[in-house]
Amino acid sequence: MILSSLAALSLALGGLSLQDPTVEPLNLEDSISCAGIFFAHSRQPEIAALDGVQIYEDMTVVFLDRAETLGARVGLTREDVIERAASISDRLSGILGQQGTPEARESMLEEWFEVEQLCVAGGQLPIPDA
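Position numbers for residues start from 1 in each chain and track the written sequence from start to end. Residue-level local features of this predicted model are given only where pLDDT is at least 70; pairs of side-chain atoms are given and counted only at 80 or more, and the full residue set underlies all totals for whole chains, interfaces and linings. Excluding hydrogens and water, the side-chain figures rest on all heavy atoms present in the structure.

J.: Account for the nonpolar core, with residues named and values stated.
T.: Definition of nonpolar core: a set of buried residues of the types Ala, Val, Leu, Ile, Met, Phe, Trp, Tyr and Cys, connected through side-chain atoms within 4.5 Å. Exposure is judged per residue with a 1.4 Å probe applied to protein chains only, and the accessible area is read against the type maximum: over 50% gives exposed, under 20% gives buried, and values in between give partly exposed. The biggest cluster of nonpolar side chains holds 26 residues, and the ones touching the most others in it are Ile32, Ile37, Phe38, Phe63, Leu92, Trp112 and Cys119. Of all the secondary structure elements, the ones that give two or more residues to this core are α2 (28–42), α4 (53–72), α5 (78–97) and α6 (102–123). At seven residues, the largest contribution of residues to this core is made by α2. Helix and strand definitions here come from DSSP, where helices need a minimum of 4 consecutive H or I residues and strands a minimum of 2 consecutive E residues; each element is numbered from the N-terminal end.

And the structure:
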């Protein structure tokens, strides 16, 4: 199920390829994508209703910080990283908004949650030395 979720999300984002976090830490693109998905999720009414916005915003910052560290190695600034994560967040939110039924919306949010679990697992691994 996680692999199908990643595949669906990858298609939605036009090529997101989260690495298997049990093998190696998240790379720059993965970290940016993780920040984007956590930010998109933080803006959903379902999360606000559960008073869960803060944890999603905190996780967004965690992955922005990781991406900033990795991005600095290739000349990206924090602003560049934020811009790229925001673009992913906007695309995800747009795709979510196009879901035709509440069930389809819920299914997509569940896929996001599964991807977020992979993000957290991969994000717990140290950033490799350059």
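Structure shown, so let's carry the discussion forward.
J.: Can you tell me about the side chain of Ser89, naming the residues and giving the values?
T.: Considering the arrangement of structural elements, one finds Ser89 in helix α5. Other than its neighbours up to four places away in sequence, Ser89 contacts Gly36, Phe39 and Ala40. Two residues qualify as a contact provided that any one of their heavy atoms is within 4.5 Å of a heavy atom in the partner residue.

J.: How would you summarise the pattern of salt bridges if you had to cite specific residues and measurements?
T.: Salt bridges are counted wherever a side-chain nitrogen of Lys or Arg sits within 4 Å of a carboxyl oxygen of Asp or Glu. One pass over the full model with this rule turns up five salt bridges. In this structure, Glu46 and Arg105 form a salt bridge, with 2.7 Å as the shortest nitrogen-oxygen distance. Remark: Arg105 occurs in helix α6 and Glu46 occurs in helix α3 (residues 45–49); sequence separation between them is 59 residues. Note on Glu46: relative accessible area 28%, which makes it partly exposed. For Arg78, the salt bridge goes to Asp65, with nearest N and O atoms at 2.9 Å. One end of the pair, Arg78, is in helix α5; the other, Asp65, is in helix α4, with 13 residues separating them in the sequence. Each of Asp65, Glu68 and Arg78 takes part in a single network of salt bridges with overlapping partners.

J.: Quick rundown of the packing of α4 against α5? Include the residues and the values.
T.: Contact geometry of α4 with α5 gives a least axis separation of 9 Å together with a crossing angle of 130°. As far as their axial angle goes, α5 and α4 are oblique. Remark: the crossing between α4 and α5 carries right-handed chirality. Side by side, α4 and α5 meet where Val61, Leu64, Asp65, Ala67 and Glu68 of the first sit next to Arg78, Val81, Ile82 and Ala85 of the second. Throughout, the ten residues Ala, Val, Leu, Ile, Met, Phe, Trp, Tyr, Cys and Pro are labelled nonpolar, Asp, Glu, Lys and Arg are labelled charged, and all others, Gly among them, are labelled polar. Residue composition of the contact of α4 with α5, grouped by class: six nonpolar, no polar and three charged. Each axis is a line fitted through C-alpha atoms, and for a helix only the stretch in contact is used; angles between axes span 0 to 180 degrees, taken between their N-to-C directions. Angles below 35 degrees are treated as roughly parallel, those above 145 as roughly antiparallel, those between 65 and 115 as roughly perpendicular, and all remaining angles as oblique. Whether a crossing is left-handed or right-handed is set by the direction in which the near helix is turned from the far one by less than a right angle, anticlockwise for left-handed and clockwise for right-handed.

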